[in-house]
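Descriptive structure summary
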Amino acid sequence: MASRPKLSGIQKQVLALYRGFLRTARLKAPEERRRIESVVSAEFHDNARSVDRRNFVHIEYLLRRGKKQLEQLKNPDITGLATLEVKK
């Protein structure tokens, strides 16, 4: 069995945030759950590709923003997520 490299604290925070979104999505309606999961997955994958791993300031900003969005999504009155496409 190959041993995995140890995760840094910030990597653990990112994974915990991702799991938090997926767990919260389970509490929503089935069709909205699939939409939330796809939006969250796409956002995390895009950031994994585009953000430099050594840019801790930006990663911490994204973590703070994600935690705020997760807290909003946990609200029972919130039924789903909306996304905004910005052309660069």
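Residues numbered from 1 in each chain as written. Predicted model: local features only at pLDDT ≥ 70, side-chain atom pairs only at ≥ 80, totals over all residues. Heavy atoms only, no water.

**Details of the pattern of salt bridges**
Side chains carrying opposite charge are able to pair once their charged atoms draw close together. The criterion, for reference: By salt bridge we mean one thing: a side-chain nitrogen of Lys or Arg within 4 Å of a carboxyl oxygen of Asp or Glu. Helix and strand assignments follow DSSP, with helices taken as H or I runs no shorter than four residues and strands as E runs no shorter than two, numbered in order from the N terminus. The cut-offs for exposure are 20% and 50% of the maximum accessible area for each residue type, with area from a 1.4 Å probe on protein chains only; residues under the lower value are buried, those over the upper are exposed, and the others partly exposed.
Enumeration over the complete set of coordinates arrives at five salt bridges. A salt bridge links Arg49 to Asp46; the nearest nitrogen and oxygen atoms lie 2.8 Å apart. You can see Arg49 and its partner Asp46 sitting in helix α2 (residues 30-50), three residues apart, about one turn around the helix. For Arg49, a relative accessible area of 64% translates into the label exposed. With its nearest N and O atoms 3.7 Å apart, the salt bridge here joins Arg54 to Asp52. Judged by its relative accessible area of 67%, Arg54 falls in the exposed class. Residue classification places Asp52 among the partly exposed positions, given a relative accessible area of 38%.

**What to know about the environment of Glu37**
The following threshold applies: Throughout, a residue-residue contact means that at least one pair of heavy atoms, one from each residue, lies within 4.5 Å.
Position of Glu37 relative to the elements: it lies in helix α2. Here the alpha-carbon distance between Glu37 and Leu22, two residues 15 residues apart in the chain, equals 6.3 Å. Excluding residues that lie within four positions of it along the chain, Glu37 makes contacts with Leu22 and Ala25.

**Side note on the environment of Pro76**
Tracing the sequence through the fold places Pro76 in the segment after α3 (56-74). Residue Pro76 is classed as exposed on the basis of its relative accessible area, which comes to 73%. Between the alpha carbons of Pro76 and Leu27 there is a distance of 8.6 Å; along the sequence they are 49 residues apart.

**Examining the confidence of the model for the chain**
The following threshold applies: The predictor's confidence in any single residue is recorded as pLDDT, a number from 0 to 100.
Per-residue pLDDT for the chain averages 92, and the proportion of residues at 70 or more is 95%. Per-element averaging of pLDDT across the chain places α2 at the bottom with 95 and helix α1 (residues 9-25) at the top with 97.

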